[in-house]
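# Structure assessment
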Amino acid sequence: MPKKDQFVIAYLADLENCQAVVEYAKKLAAFLKKGIILLYICDRRYTKRSQQEALEKVLEIESKMAAQDVRHCVLSGKTKEIINVLPTLLNGVVCVAGVDRHARLFSPTRPFNVIHDFAQCKIAYLTVQAIPPEGEAFGDVALRIDYLKESKEKLIWSSYFARFNKSRLHVLHENYRDAGLKNKYENNMLFLQKFYASVCIGCEEHVIPSVANFQDMSAVKYAAENGYGLAICLTTDTRERDILDWFIGAQEYRVVRNKYKLPILFLNPRDDLYVLCD
């Protein structure tokens, strides 16, 4: 079996309820042509399970995935610190994490804890709430493009889905009335069109309702109602949070626990985000 240069990390935060994480990791690994690493972290903040107990359970899960290139890693330490070094520690390129909207306060799958633990993550991370449907899990992929330059950070990962999975890309945007914002948005779209043309992919454009706050939730709602399989979202740059974010929370806290159970591929806005070697 050829050595894999990068891996899809299946973060098994809940060993008893990790089927969704495993299945989505398998789908990502299949079209990205990467191996899978099953990761469990013995973090005293979340569990009293010993490394040996965790290893036995992880090996049981691994044994049921004989057809895939699967490895395992059981570590002790602080979850956030380990997640921060996934690209260098495990050659991770994307991580799959389970989310449970009804999880207890000190659970690693609680939406708030997931966002907190992945806040400095240097790779993309896919949050999932349910087992993927049969067939096309990522047949239609949505990304919202607005007037902010950070919107362009979604383009590389969206192109991977289109190039390697033949996903249909849907670019969602508001109908800007302000001339200045519209001009910035149009410049982003020109960049998008040039980039997509350079890798020989296309997209469909859709206008979504304008809202005062939580524009990504508007995009997630549109994507779910139209049967899309994934939305790509950026988290809020902590350096640019305003007073409203501190009072009512950044929008990713709502997006990650969306009631539609739509999988979300999150990207943290950073200069050193790791991407595929393709």
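Presented here is a report on the structure given in the accompanying data block. (Residues numbered from 1 in each chain as written. Predicted model: local features only at pLDDT ≥ 70, side-chain atom pairs only at ≥ 80, totals over all residues. Heavy atoms only, no water.)

### Let's talk about helix H7 (residues 179-198)
The end-to-end C-alpha separation of H7 is 29 Å, in line with the 28 Å expected for 20 residues at 1.5 Å each. Buried residues of H7: Tyr-185, Asn-188, Met-189, Leu-192 and Tyr-196, and no others. For H7, the angular spread of the buried residues around the axis is 105°, confining them to a single face. In H7, those exposed residues whose orientation departs by more than 90 degrees from the buried face are Ala-179, Lys-194, Ala-197 and Ser-198. In the core, the buried residues of H7 are packed alongside strand S6 (140-144), helix H6 (155-165), strand S7 (168-173) and strand S8 (204-207). Looking at the residues trailing H7, positive phi occurs at Cys-200, about 60°. (Helix = DSSP H or I, 4+ residues; strand = E, 2+ residues; numbered from the N terminus. Expected span 1.5 Å × (residues − 1). Buried < 20%, exposed > 50% of the residue type's maximum accessible area, 1.4 Å probe, protein only. Arc of directions from axis to C-beta. Contact = heavy atoms within 4.5 Å.)

### A closer look at H6
The complete set of buried residues in H6 reads Leu-155, Trp-157, Ser-158, Ser-159, Tyr-160, Phe-161 and Ala-162. Of the residues one or two after H6, Lys-166 is the one with positive phi, at around 60°.

### Let's talk about the packing of aromatic side chains
Aromatic rings considered in pairs are described by the distance between their centres and by the relative angle of their planes. Counting across every chain of the model gives 15 aromatic pairs. Ring geometry for Phe-31 against Phe-161: centres 5.4 Å apart, planes inclined by 50°, an arrangement best described as tilted. Taken together, the residues span a long stretch of sequence, with Phe-31 in helix H1 (residues 19-32) and Phe-161 in helix H6 at a distance of 130 residues. On the basis of relative accessibility, which here comes to 9%, the residue Phe-31 falls in the buried class. Put simply, the rings of Tyr-24, Phe-31, Phe-138, Trp-157, Tyr-160, Phe-161 and Phe-164 touch in pairs and so form one group of aromatic residues. Directly above the ring of Phe-191 sits Lys-152, whose terminal nitrogen or CZ lies 4.7 Å from the centroid. (Phe/Tyr/Trp six-rings, centres within 6.5 Å; stacked < 30°, edge-to-face > 60°. Lys NZ or Arg CZ within 6 Å of the ring centre and 35° of its normal.)

### Examining the sheet that holds S8
In spatial order, the strands read S3-S2-S1-S4-S5-S10-S9-S6-S7-S8; together these 10 strands make up an open sheet with mixed pairing. The sheet is open, and its two edges are formed by strand S3 (70-76) and S8, each paired on a single side. Neighbour to neighbour, the strand axes of the sheet diverge by 25° on average, direction disregarded. Contacts from H7 reach S6, S7 and S8 within the one sheet, and its direction differs from that of S7 by about 170°. (Pairing = 2+ DSSP bridges. Axes fitted to C-alpha atoms, helices over the stretch in contact; angles between N-to-C directions.)

### What to know about the pairing of S3
Where strand S2 (residues 35-42) meets S3, 7 bridges bridge the pair, whose relative direction is parallel. Among the inter-strand pairings, Ile-41 is bridged to a residue of S3, identified as Leu-75.

### Considerations on the packing of H6 against H7
Between H6 and H7, the least distance of the axes is 11 Å, while the angle of their chain directions is 40°. Taken together, H6 and H7 sit at an angle that is classed as oblique. Between H6 and H7 lies a crossing of right-handed hand. The residues of H7 that touch H6, namely those facing Leu-155, Ile-156, Ser-158 and Ser-159, are Phe-191, Leu-192, Phe-195 and Tyr-196. (Parallel < 35°, antiparallel > 145°, perpendicular 65-115°, else oblique. Left-handed = near helix turned anticlockwise from the far one by under 90°.)

### Things to note about the nonpolar core
Ranked by internal contacts, the top residues of the largest apolar core, which has 54 residues, are Leu-12, Leu-28, Phe-138 and Trp-157. With 9 residues, the single largest contributor to this core is H1. Each residue touching Phe-138, except ones within four places of it in the same chain, is listed here: Tyr-24, Lys-27, Leu-28, Phe-31, Leu-126, Phe-161, Asn-165, Ser-167, Gly-229 and Leu-230. In terms of nonpolar packing, the next biggest core, distinct from the first, is built from 38 residues, Tyr-11, Val-99, Tyr-125 and Ala-219 among them. (Core = buried A, V, L, I, M, F, W, Y, C linked by side-chain atoms within 4.5 Å.)

Without other data, these values stay purely geometric and don't point to any function.
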